[in-house]
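Understanding the architecture of this molecule
Residue strings, one per chain:
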Amino acid sequence: MANRASRSTDEGRIAALEAALQSAGATIAGSSNFPLESAPEVADLAGIDTLVVMGGVGTLGAASAAAKGWDCQFLAIPAP
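Here is a short report on the structure shown in this document. For clarity, every value in this text was computed on a predicted model and none was experimentally measured. (Residues numbered from 1 in each chain as written. Predicted model: local features only at pLDDT ≥ 70, side-chain atom pairs only at ≥ 80, totals over all residues. Heavy atoms only, no water.)

1. Structural notes on the nonpolar core
Quick note on the threshold: Residues enter a nonpolar core if they are buried and are Ala, Val, Leu, Ile, Met, Phe, Trp, Tyr or Cys, with the set joined through side-chain atoms within 4.5 Å. The buried label goes to any residue with under 20% of its type's maximum accessible area, the exposed label to any with over 50%, and the partly exposed label to all in between, with areas taken from a 1.4 Å probe on protein chains only. Secondary structure elements follow DSSP: runs of H or I of four or more residues count as helices, runs of E of two or more count as strands, with numbering from the N terminus. Every residue pair with non-hydrogen atoms within 4.5 Å of one another is taken to be in contact.
Among the nonpolar cores identified, the biggest contains 11 residues, and these are Met1, Phe34, Ala39, Leu45, Leu51, Val53, Leu60, Ala63, Ala66, Ala67 and Trp70. Of all the elements in the fold, those that place two or more residues in this core are β3 (50–55) and α2 (57–66). Residues within four places of Val53 in sequence aside, it is in contact with Met1, Thr59, Leu60, Ala63, Phe74, Leu75, Ala76 and Ile77. Judged by nonpolar contacts, the second largest core, of 6 residues, contains Leu17, Val52, Met54 and Ala79.

If you want it as structure tokens, here you go:
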């Protein structure tokens with residue numbers, strides 16, 4: 001999940017993160033264009049072991065709140 005509307009992310013940073021994850025062997029199960037799309041709900045995360053979120057404080061907070069009760073990893077990538 002990345003906030004493309006944030007001033008702290010851009011398409012280049014998002015693409016670099018996706019490339020790094022794929023290079024490390026991760027499978028990207030989907031993406032969310034937050035806030036234009038809502039943060040994933042716990043039911044949306046079934047079968048996913050790690051939620052990766054890139055954005056500012058608001059994006060990270062919204063994603064962690066939406067994933068409350070999900071019993072897996074949450075990787076927060078704070079955008080500069």
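2. Considerations on α2
Threshold: Think of the arc as the fan of directions from the helix axis to the C-beta atoms.
All buried positions along α2 are accounted for by Thr59, Leu60, Ala63 and Ala66. Along the axis of α2, the buried residues cluster in a sector spanning 135°; they form a single face. Residues of α2 that are exposed and point more than 90 degrees away from the buried face comprise Val57, Gly58 and Ala65. The elements touched by buried residues of α2 are β1 (2–3), β2 (33–34), β3 and β4 (73–78).

3. Re the environment of Met1
Within the secondary structure layout, Met1 lies in the segment before β1. You can call Met1 buried: its relative accessible area is 11%. Excluding its chain neighbours within four sequence positions, the residues that come into contact with Met1 are Ser32, Phe34, Ala39, Pro40, Val52, Val53, Met54, Thr59 and Ala63.

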